[in-house]
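Geometric and topological summary
As a plain string of letters, each chain reads:
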Amino acid sequence: MTTGETRGGPGSAAVTFQDVSKHYGEVKAVNNLTLEIPQGRSIAFLGPNGAGKSTSIDMLLGLRKPTHGTVRVYGKAPRDAILAGHVGAMLQSGGLLSDVTVRELIGLMTKLHPRPLNVEDVLKRANVEEFADRKANKLSGGQTQRVRFAIAIAGDSDLIVLDEPTTGMDVENRQIFWHAMKSEAERGKTILFATHYLEEADQIADQVIVINKGRLLANGTAAQIKAQAGFQRIAFKLPGVTRDQLLMLPNVVSLEVIRDRVQIQTSDSDKTFYALLDAGLRPEEIEISALGLEQAFVAITQQDNGHDEAAFDKTAFDKAAYDNTGEAAR
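Residues numbered from 1 in each chain as written. Predicted model: local features only at pLDDT ≥ 70, side-chain atom pairs only at ≥ 80, totals over all residues. Heavy atoms only, no water.

Quick look at the confidence of the model for the protein
Formally: The predictor's confidence in any single residue is recorded as pLDDT, a number from 0 to 100. The numbering of helices and of strands both runs from the N terminus, where a helix is a DSSP run of H or I of at least 4 residues and a strand a run of E of at least 2. When checking whether two residues touch, look at their non-hydrogen atoms; a contact exists if any pair is within 4.5 Å.
Per-residue confidence for the protein gives a mean pLDDT of 85; residues scoring 70 or more make up 89%. Summarising per-element confidence for the protein, the mean pLDDT is lowest in helix H13 (residues 314-321) (35) and highest in strand E4 (residues 68-73) (97). Scored below 50 in pLDDT, residues 1-6 shows seven contacts in the model against residues more than four places distant or in partner chains. Contacts of residues 307-330 to residues separated by more than four positions or lying in other chains number 52 contacts, the stretch itself having pLDDT below 50.

Some points on helix H11 (residues 269-278)
For clarity, the cut-off: Exposure categories follow from relative accessible area, calculated using a 1.4 Å probe and restricted to protein chains: below 20% of the type maximum is buried, above 50% is exposed, and the middle band is partly exposed. What the arc covers is the set of directions going from the helix axis to the C-beta atoms. By the criterion applied in these results, polar contacts are pairs of N or O atoms within 3.5 Å in which, for protein atoms, one can donate a hydrogen and the other can accept it, and in which residues neighboring in sequence qualify only through two side-chain atoms.
Looking at H11, one finds that the buried residues are Ser269, Thr272, Phe273, Ala275 and Leu276. Each buried residue of H11 lies within a common arc of 160° when the element is viewed along its axis, so the set occupies one face. Facing away from the buried surface of H11 by more than 90 degrees, the exposed residues are Lys271, Tyr274 and Asp278. Elements in contact with the buried residues of H11: strand E10 (232-237), helix H10 (243-247), strand E11 (252-258), strand E12 (261-266) and strand E13 (284-290). Of the residues flanking the start of H11, the one acting as N-cap is aspartate 268, its side-chain oxygen 3.2 Å from the backbone nitrogen of aspartate 270.

Remarks on unusual backbone geometry
Negative phi values dominate among residues other than glycine, just as trans dominates among peptide bonds. In this structure, lysine 213 takes a positive phi of about 55° despite not being glycine. Here lysine 213 is to be found in the loop between strand E8 (207-212) and strand E9 (215-220). Look at glutamate 285: it is not a glycine, yet its phi comes out positive at around 50°. Its place among the elements puts glutamate 285 in strand E13.

Here's what the structure looks like:
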């Protein structure tokens, strides 16, 4: 079977979820999820803790079976797609063989893959050549993650699945990793990655999928996800201003005042800003912008959770929205 026959025709889906649910007793980790993941794109898969994101990835990889519904990968059952060599994966869990070198480990992985690649090519593409002769148990956390990526691309897989791939990496290693990942996307691979670094998703993903409570919440480009949140941000400098003065402005959703710096989240930036001027206030260093993907993500998930205000709470985001220690309903 040729690669073209394997992947299907133009516009066909790499992955489909059709009415997929996964229950753990009374807990609905995934709840009637219907979703198509197109071929040849870089796709960010986002969701707060307990949203069912990792459970969905596990079902895609054939590690868990749906309670009901069907998952198909290039038209096949997930395990059949894995056996055919369509999928490479980099997961959060699982260690590396400790008493072998990186080169030996990648060599083993290529031999196990139905469609193996040349070992030296894999080392180069994953940017691990510099420590290829080092034993796996002598690597830093960031280097270990890069080796896991090398394992994911050890064969000529059509779909590469990356679950929190840059966890534990410093900024330099994250940049090296995303450069390698972009190169894979340019080769025509479908890249599906889950990440809690939303600025990376904003910069890299062609498409963003957001799930919450096991359901599809948003699916589109990063710009479309931001627009769905429906809010803008106004930032400026205004010495002596009080919160009470600003809370009287129309369409204010959230407000932050730190010394003379003000940041307002608003549902209508024009109305809010003109009211600010009408009140006789004269701000300086004015910036008016759409929400970033991070704030938009928090806003739409809070709306879905029934909050009246979709204010961005950085502390809550860090401690709750992406607390990756939860296991029951990943």
